[in-house]
Amino acid sequence: MSELMIEAEGLVKRYGETEAVAGVSVAVPAGTVLGVLGPNGAGKTTTVRMLTTLTAPDAGWARVAGHDVVREAKAVQARIGVTAQEATVDGMLTGRQNLVMIGRLSGLRRGDARRLAGALLERFALADAGDRIVKGYSGGMRRRLDLAAGLVTRPPVLFLDEPTTGLDPASRVRMWGVIRELVTDGATVLLTTQYLEEADELADRIIVVDHGRVIAAGTAAQLKAQTGGARLQVTLTTAHPEAAAALRRFAAGDVAVSQDGLHLRAPVTSGSGLASAVVRTLDTAGVSVDDVEVHPPSLDDVFFALTGRPADEHPTPGDVDPESGAGRSLATREQVLPA
Amino acid sequence: MTTTTLAPTTATTAPPLPVAAARTHGPLRKASDVAVLSARNLVHISREPFQLSDVTLQPVLFTLLFVYVFGAGVVLPGGASYKDFAVPGMLVFNLVTSTVGTGVGLSLDVNTGVIDRFRTLPMWRAGVLVARSVTDLFTAVICAGIVAATGFAIGWSPDGGVGRAIAAFALVLFFGYAVSWGCACLGLASKGVETAQALGLLVLFPVVFMSNALVPTQRMTPWLRDVTTWNPVSAVTAAARQLLGNPNPSASIHAWPMEHPVWAAVLWSIGLLAVFAPTATVLYRRRAAE
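Residues numbered from 1 in each chain as written. Chains lettered and ligands numbered in written order. Predicted model: local features only at pLDDT ≥ 70, side-chain atom pairs only at ≥ 80, totals over all residues. Heavy atoms only, no water.

## Quick look at a nonpolar patch on the surface
Residue and element names in this part refer to chain B.
Piece 1. A surface patch of nonpolar side chains, amounting to about 370 Å² of accessible area, comprises Leu-61, Leu-65, Val-69 and Phe-70.
Piece 2. Along the chain, Phe-70 falls in helix 3 (residues 57–70).
Piece 3. When its relative accessible area of 39% is taken as the criterion, Phe-70 is described as partly exposed. (Patch = residues over 30% accessible without salt bridge, like charges linked within 9 Å, V, L, I, M, F, W, Y side chains within 5 Å. Areas by Shrake-Rupley, 256 points an atom, 1.4 Å probe, with all protein chains shown as cover. Salt bridge = Lys/Arg side-chain N within 4 Å of Asp/Glu carboxyl O. Helix = DSSP H or I, 4+ residues; strand = E, 2+ residues; numbered from the N terminus. Buried < 20%, exposed > 50% of the residue type's maximum accessible area, 1.4 Å probe, protein only.)

## Section: the side chain of B:Asn94
Residue and element names in this part refer to chain B.
Piece 1. Within the secondary structure, Asn-94 is located in helix 4 (residues 82–97).
Piece 2. Relative accessible area serves as the criterion here: at 0%, Asn-94 is assigned to the buried category.
Piece 3. Filtering out sequence-adjacent residues up to four positions away, Asn-94 remains in contact with Gln-58, Pro-59, Phe-62, Thr-63, Cys-143 and Val-147. (Contact = heavy atoms within 4.5 Å.)

## Section: the side chain of A:Thr164
Residue and element names in this part refer to chain A.
Piece 1. Note that Thr-164 resides in the loop between strand 7 (157–161) and helix 6 (169–184).
Piece 2. The class of Thr-164 is buried, set by a relative accessible area of 0%.
Piece 3. What Thr-164 contacts, discounting residues up to four positions off in sequence, is Arg-143, Arg-172, Met-175, Trp-176, Tyr-195 and Glu-198.

## Regarding the sheet that holds strand 5 (residues 67–68) of chain A
Residues and elements named next belong to chain A.
Piece 1. The four strands lie next to each other as 2-1-4-5, forming an open sheet whose pairing is antiparallel. At either end of the open sheet lies a strand with only one pairing partner, and these are strand 2 (18–29) and strand 5.
Piece 2. Looking at chain direction, strand 4 (residues 59–64) and strand 5 are connected through two bridges and run antiparallel. The residue of strand 5 that forms the bridge with Arg-63 is Asp-68.
Piece 3. This element, helix 1 (residues 44–51), spans strand 1 (4–15), strand 2 and strand 4 of the sheet and lies at about 120 degrees to strand 1. (Pairing = 2+ DSSP bridges. Axes fitted to C-alpha atoms, helices over the stretch in contact; angles between N-to-C directions.)

## What about the confidence of the model for chain A?
Any residue range with low pLDDT should be treated as having predicted coordinates unsuitable for detailed reading.
Piece 1. Taken residue by residue, chain A gives an average pLDDT of 82. The fraction at 70 or more is 86%.
Piece 2. In this model residues 313–339 of chain A is a low-confidence stretch, pLDDT under 50, and it forms 33 contacts with partners more than four residues away in sequence or in other chains. (pLDDT = per-residue confidence, 0-100.)

## Side note on the packing of helix 4 of chain B against helix 9 (residues 193–209) of chain B
Residues and elements named next belong to chain B.
Piece 1. Running from N to C, helix 4 and helix 9 cross one another at 165 degrees; their axes reach a closest spacing of 10 Å. Taken together, helix 4 and helix 9 sit at an angle that is classed as roughly antiparallel. For the pair helix 4 and helix 9, the sense of crossing is right-handed. Residues Phe-93, Val-96 and Thr-97 of helix 4 form the contact with helix 9, whose participating residues are Leu-204, Phe-205, Val-208 and Phe-209.
Piece 2. Residues that form the contact of helix 4 with helix 9 fall into these classes: six nonpolar, one polar and no charged. (Parallel < 35°, antiparallel > 145°, perpendicular 65-115°, else oblique. Left-handed = near helix turned anticlockwise from the far one by under 90°. Nonpolar A, V, L, I, M, F, W, Y, C, P; charged D, E, K, R; others polar.)

## A look at the packing of helix 5 (residues 100–111) of chain B against helix 7 (residues 127–153) of chain B
Residue and element names in this part refer to chain B.
Piece 1. Contact geometry of helix 5 with helix 7 gives a least axis separation of 10 Å together with a crossing angle of 145 degrees. The two elements helix 5 and helix 7 cross, and the hand of that crossing is right-handed. Mapping the contact onto sequence places Gly-101, Thr-102, Gly-105, Leu-106 and Asp-109 in helix 5 and Val-128, Leu-129, Arg-132 and Asp-136 in helix 7.
Piece 2. Looking at the contact of helix 5 with helix 7 residue by residue, the classes come out as three nonpolar, three polar and three charged.

## Comments concerning the packing of aromatic side chains
Residue and element names in this part refer to chain B.
Piece 1. Applying the stated criterion across every chain, the model contains 11 aromatic pairs over all chains.
Piece 2. On the numbers, 6.3 Å between centres and 75 degrees between planes, the contact of Tyr-177 with Trp-181 is edge-to-face. A residue pair is termed a helical-turn pair when its members lie 3 or 4 positions apart in one helix, as Tyr-177 and Trp-181 do in helix 8 (residues 162–189) at four residues.
Piece 3. Overall, Tyr-177 belongs to the partly exposed group, its relative accessible area being 21%. (Phe/Tyr/Trp six-rings, centres within 6.5 Å; stacked < 30°, edge-to-face > 60°.)

## A closer look at unusual backbone geometry
Residue and element names in this part refer to chain A.
Piece 1. If you check the backbone angles, Ala-65 has positive phi at about 50 degrees while not being a glycine.
Piece 2. Judged by relative accessible area, Ala-65 falls into the buried class, the value being 17%.
Piece 3. For Glu-162, which is not glycine, the phi torsion reads 45 degrees and is therefore positive.
Piece 4. The class of Glu-162 is buried, set by a relative accessible area of 2%.

Below you can see the structure in the form of structure tokens.
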């Protein structure tokens, strides 16, 4: 029914030998939110950079608001708002000066740019901080200013690259409120995130990316069904050969056992009353339990369910280039080879 | 919770500004982009006025050092005053070395996230580059004024008339502007601000010292004298001395640039600009496309 505001087919971006993005396709109908879920280095940022004309794809094509991102880059730029992970506001200017400058550079007349800057500061709860230098802003304030900067041209399509990464919970909830409002106003949004919870809160549809590929797509509910809804984690005092078998009746998928046999992990459908039932069952089987935990599903679980391995959310800083994903795929290969 | 403060929505958002209303093309729009970006550079300067020291304190310092320390030991052909010889040289020296700031500024511009924001705006891409050179021309004018004021304070006496003096300053500023595009290339080619600064000084210091700006070249080794004769800095300095009516020992050297220093200076400046400005634009495009 509704037209596609973001459309891409087979996007590829290579950095040297590594394919940071290895054939990503997306389709986002007008007025909806697509969540792009994946760990660091999965290719999320590179995908966003291609869709926002910052990086030219090596293969594939993309259209945003009906315009080709390579051949009609200017037209695309006039219709999108972008909030990148890295600060893209000028730290030496005040919040207001930043917004006025961006308005002017977008072609607004001075008076219009000033009025718009004032309105945006108001809307993003930055009115009091508007005349302070951005360097002194908190992380949450800076992100809100970045988002406001992306809205200066009143674009119909928004790209938000990890809008809440690094924010405290209160700032995150506030940011979610802001994003929901934008959608209510009719914006089409593509947002990347490392948090399933965030995608669940905001996105109509979610794609999960890993190693530059889309490995799953669907609604939050569909993905959760695949992950079993929750994760059961059991720690034993001593390894026991019957432990995995005993857990199987609770599991919604495979039971994973650590190499030392002490840690078991499985997706489960429901968490209520589960812990005590697990302890009873293991007791009966003669397995001595140290700890039982039931976690709501995380990105890690989605990854575990989809790929059979953890998402490796915290790669060592320095050896991973989040742009290229090179470090990450190497690290993963090293882990896989000895097995 | 705090989210309530975000409640007002469309009512306060903005006056209706359809995307199509934005001017996206034409020379007016380009000029407006350059003006906005230059204003941003000026705000940066106002936040950290000390970054202007290379066009304010440094020219005073170098002028005094050269006139009183070197001047005591340099004997000019015909017994002319070193002070009158040195001030035009200091003008060129300071304007050329301060162009390192252009490379540093651009390096800062392309190595911070702001450049990504600029690139997603429907603005004139090269505006960042042009605004930088406009701002630096403005600081160069300050620099020239300070060298002149220092010169007057210590008894420098130009003797060529107001019109020719204006021509001299314009010529030196034009040359500095051309050189600043060379530094822009260095800044855009280097990975970081420190590299841009170090590279700039590493290239510019030998070029400025191997000229007639600070000492007469007559007694240099022949090969070095040939280098200084064809060094664009020498042509510009000789032209400034000639126009300002100050001692110009290079006039007696039999080589085209020293015999026609004004023409040589103009041609050198145009030539440098013709090479460096397009190169900088290409480098900037490449940097901005990463």
